[in-house]
Amino acid sequence: MSERDSAARIAGSLLVLTALITAVSAVTRVSADTDFQPSLQDTLDAVSLQSGLYGLGGAARLLSGVTLGAAAWCLLRTWIIRLRLGSPLIPALSVVSGVFTAVSGLCAVILAVAAPETNPLIEFSALIRWLSGKIGFAIAGLALAVASRFQWRAGGALRFIAPASGMLGLAMQFIWIDSATVAHPIVGAAFFLWLLAFGSMLFTGRTEEPLRRMVDSHSPT
């Protein structure tokens, strides 16, 4: 196992790309200033005034879901998962998160195109955008929480990031609590930094050294 795992490197680059695209989605959404409207019609009116920014944010969210799912698919193909040094549940949860995130982004694009018109399809799209976005974010947090256990066991650079993975994964579940709205941007920024950090570690191979030591320590001499 002396060769670097190419699947892990590809997964790392995709996670970094996911982080960058997620940042674009967040910035455009905030700039559009369409959140926290008192009614759906008020939201659609606000979207119609900033349809370009809102649509760009939705498209970026859709793409970030696709890249997250692709990164998770690559992780499933790494020797780390094949040798059970990491649970296949982690990339599986990330794939599911990517699907929900992409659906949320698609619905946002639909709203940007249709606003300010209101009909049952638009109302359904608005509901699915809200719900799928929260589900995707919460499942990504669950994947981080599960990953923290394996990162701690591996040691090395992975043990350094394990506590952050666990705490961030737990904090991401607060997406369901409306009273914690003020903390959501902070948690979102932390998730962005986590994607950058872990993606970079995968790409550079820093995650492989401690895992290879684990394999060597259990290999017959």
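Residue positions are given per chain, counting from 1 as you read along its sequence in written order. Totals for whole chains, interfaces and linings use all residues, but because this is a predicted model, local features are given only for residues with pLDDT of at least 70 and pairs of side-chain atoms are given and counted only at 80 or more. Each side-chain value is worked out from all heavy atoms of the structure, with water and hydrogens disregarded.

## Things to note about a nonpolar patch on the surface
Thought 1: Together, Leu127, Trp130, Leu131, Leu170, Phe174, Trp176 and Ile177 give the surface a local cluster of nonpolar side chains, amounting to about 680 Å² of exposed area.
Thought 2: Here a strand is any run of E in DSSP of at least two residues, a helix any run of H or I of at least four, and the numbering for each starts at the N terminus. Considering each element in turn, the nonpolar patch owes the most residues, three residues, to helix H6 (residues 120-154).
Thought 3: Following the sequence through the fold, Trp130 ends up in helix H6. Each patch is assembled from residues with relative accessible area greater than 30% and no salt bridge, linking like charges that lie within 9 Å and nonpolar side chains (Val, Leu, Ile, Met, Phe, Trp, Tyr) that lie within 5 Å. The method behind every accessible area is Shrake-Rupley, applied with a 1.4 Å probe, and residues are considered shielded solely by the protein chains displayed. In what follows, salt bridge is the name for a side-chain nitrogen of Lys or Arg lying within 4 Å of a carboxyl oxygen of Asp or Glu.

## What about the packing of aromatic side chains?
Thought 1: Stacked, edge-to-face and tilted are the three classes for Phe, Tyr and Trp ring pairs, Trp counted by its six-membered ring, which pair at centre distances within 6.5 Å; planes under 30 degrees apart are stacked, over 60 edge-to-face, the rest tilted. Summed over the entire model, instances satisfying the criterion amount to two aromatic pairs.
Thought 2: When the ring of Phe137 is compared with that of Phe191, the centres are 5.8 Å apart and the planes differ by 85°; the resulting orientation is edge-to-face. Of this pair, Phe137 sits in helix H6 while Phe191 sits in helix H8 (residues 184-204); the two residues are 54 residues apart in sequence, bridging distant segments of the chain. Across the pair, exposure class does not vary: Phe137 and Phe191 are buried alike.
Thought 3: Any Lys NZ or Arg CZ that is within 6 Å of a ring centre and within 35 degrees of that ring's normal is treated as a charge sitting over the ring. Over the aromatic face of Phe203 sits the side chain of Arg9, whose NZ or CZ is 4.7 Å from the ring centroid.
Thought 4: A cation sits over an aromatic face here: Arg159 above Trp152, 4.6 Å from the ring centre. Any residue under 20% of the maximum accessible area for its type is buried, any over 50% is exposed, and the rest in between are partly exposed; the area is computed with a 1.4 Å probe on protein chains only.

## Observations regarding the pattern of salt bridges
Thought 1: Under the defined criterion, the tally for this structure stands at one salt bridge.
Thought 2: Close ionic contact of Asp35 with Arg29 constitutes a salt bridge, the shortest N to O distance being 3.0 Å.
Thought 3: Residue Asp35 is classed as partly exposed on the basis of its relative accessible area of 24%.

## Considering the packing of H6 against H8
Between two packed helices, the angle of one axis relative to the other and the distance separating the axes together describe the packing.
Thought 1: Axis definition: a line fit to C-alpha positions, over the contact stretch in the case of helices; interaxial angles, taken between N-to-C directions, run 0 to 180 degrees. The geometry of H6 relative to H8 is characterised by a closest axis approach of 12 Å and an angle of 50° between their N-to-C directions. When the interaxial angle is binned, H6 and H8 end up oblique. Crossing hand, H6 versus H8: left-handed. Between H6 and H8, the contacting residues are Phe137, Ala140, Leu144 and Gln151 on the first element and Val187, Gly188, Phe191, Trp194 and Phe198 on the second.
Thought 2: Residue classes in the contact of H6 with H8 are distributed as seven nonpolar, two polar and no charged. The scheme is simple: roughly parallel for angles under 35 degrees, roughly antiparallel for over 145, roughly perpendicular for 65 to 115, oblique for anything else. Throughout, a crossing is termed right-handed when the near helix is turned clockwise from the far one, and left-handed when it is turned anticlockwise from it by less than a right angle. Contacts are assigned to residue pairs with any non-hydrogen atoms lying within 4.5 Å of each other. All amino acids are sorted into three groups, where Ala, Val, Leu, Ile, Met, Phe, Trp, Tyr, Cys and Pro are nonpolar, Asp, Glu, Lys and Arg are charged, and the leftover types, Gly among them, are polar.

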